[in-house]
Amino acid sequence: MAGETLDFACTCGELRGQITDAGPAAFTHIVCHCKDCRAAYTHLGHADPKKVGILQTTQDRVKITQGGENLRVFRHTPKGALRWYATCCDTPLFYTPLKGRLVHVGMNTDRLTDPAAIGPHVAEAFIPKPGGKQGNKGLGTMLTRMVSRMAAKNISGEWRDTPFFDDTGAPAVAPKVLSREERAAALMGVS
Ligand SMILES: [Zn+2]
Ligand SMILES: [Zn+2]
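The paragraphs below set out a description of the structure included in this document.

How each quantity is defined
Residues numbered from 1 in each chain as written. Chains lettered and ligands numbered in written order. Predicted model: local features only at pLDDT ≥ 70, side-chain atom pairs only at ≥ 80, totals over all residues. Heavy atoms only, no water. Donors = N, O, S within 2.8 Å, 3.2 Å for Na, K, Ca; no water. Tetrahedral: all angles 85-135°; square planar, octahedral: opposite > 155°, others 65-115°. Helix = DSSP H or I, 4+ residues; strand = E, 2+ residues; numbered from the N terminus. Buried < 20%, exposed > 50% of the residue type's maximum accessible area, 1.4 Å probe, protein only. Pairing = 2+ DSSP bridges. Polar contact = N/O pair within 3.5 Å; in protein donor to acceptor, adjacent residues only side chain to side chain. Contact = heavy atoms within 4.5 Å. Axes fitted to C-alpha atoms, helices over the stretch in contact; angles between N-to-C directions.

### So, the coordination of the zinc ion (ligand 1)
Piece 1. Within the protein, the zinc ion (ligand 1) binds to Cys10 (SG), Cys12 (SG), Cys88 (SG) and Cys89 (SG); these donor distances fall in the range 2.3 to 2.4 Å.
Piece 2. One can describe the donor arrangement at the zinc ion (ligand 1) as tetrahedral, given that its four donor atoms subtend angles of 104 to 121° at the metal.
Piece 3. Sequence spacing of the donors to the zinc ion (ligand 1): C-x1-C-x75-C-C. A residue pair is termed long-range when its members are at least 10 positions apart, and Cys12 in the loop between β1 (6-9) and β2 (16-19) and Cys88 in the loop between β7 (82-86) and β8 (91-96) qualify at 76 residues.
Piece 4. On the accessibility criterion, Cys88 (31% relative accessible area) is partly exposed.

### Comments concerning the pairing of β8
Piece 1. By the criterion of burial, β8 is predominantly enclosed, with six of the six residues buried.
Piece 2. Across five bridges, the pairing between β7 and β8 is antiparallel. When the sheet's bridge partners are listed, Ala86 is paired in β8 with Thr91.
Piece 3. Hairpin remark: β7 followed by β8, antiparallel, with four residues in the connecting loop; positive phi at Asp90, about 50°.
Piece 4. Two strands pair when backbone bridges link them, and β8 and strand β9 (residues 104-108) are joined in this way by two bridges, in the antiparallel orientation. Paired with Tyr95 across the two strands is Gly106, which belongs to β9.

### Observations concerning the coordination of the zinc ion (ligand 2)
Piece 1. Protein coordination at the zinc ion (ligand 2): the donors are Cys32 (SG), Cys34 (SG) and Cys37 (SG), at 2.2 to 2.3 Å from the metal.
Piece 2. Between consecutive donors of the zinc ion (ligand 2), the numbers of intervening residues give the motif C-x1-C-x2-C.
Piece 3. Taking the relative accessible area as the measure of exposure, Cys37 reaches 7% and is therefore buried.

### Describing the side chain of His104
Piece 1. Among the secondary structure elements, His104 is positioned in strand β9.
Piece 2. Among the residues examined, His104 registers a relative accessible area of 5% and is labelled buried.
Piece 3. Among the polar contacts listed, one links the side chain of His104 to the side chain of Tyr95, at a separation of 3.1 Å.
Piece 4. Those residues in contact with His104, other than ones at most four positions away along the chain, are Gln56, Thr57, Gln59, Tyr95, Thr96, Pro97, Met146 and Met150.

### Comments concerning the environment of Asp161
Piece 1. With respect to the helices and strands, the residue Asp161 is situated in the loop between α2 (139-156) and β12 (176-177).
Piece 2. Since its relative accessible area comes to 39%, Asp161 is described here as partly exposed.
Piece 3. Discounting residues that sit within four places of it in the chain, Asp161 has contacts with Gln59, Asp60 and Lys63.
Piece 4. At a separation of 3.4 Å, a polar atom in the side chain of Asp161 contacts the side chain of Lys63.

### Considerations on the sheet that holds β1
Piece 1. Judged by pairing direction, the sheet is antiparallel, and its three strands sit side by side in the order β1-β2-β5 without closing on themselves. Two strands lie at the open edges of the sheet, namely β1 and β5 (62-66), each paired on one side alone. Taking each pair of neighbouring strands and ignoring which way they run, the sheet shows an average axis angle of 30°.

So this is what it looks like as structure tokens:
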């Protein structure tokens, strides 16, 4: 069953796109408090958002309709996730795993033209707790939904339908790995 289409854009509007077929089973709305999600903002020169709303879905549903040449990617560390952004205005947009075959993608919900369209978040990760501890809410639901989406797309071979990876599974744009200094500077903004 076809779901709705959700429009998104970078801050300046050069890069635009849509999440297609966004029916209720197609995505999970979560909030992440982890330092890497927040440091994607501080590294790109923005204030620490403190927490980041994320729409988790599969990469075949992400269509970049305009300004795709502005898509760039970095990694906080050599093993870190790919952090995709729009270089026209240094806006953080997505994260993906390193391998295209995993089909998973998270899009920052602050880029949605109508954030209310996806409803309230159902899971929350890395919630700061007193004493430096962290908690999570709804993580089981989040993981179950993510894994079932990933499995379905892998079996159907749809993992090749992605703006983030080429046919060989390599990132469509060469990722820049932050230097230790750049990483330290990005993390300083979120402590
Ligand atoms: Zn832009
Ligand atoms: Zn995170």
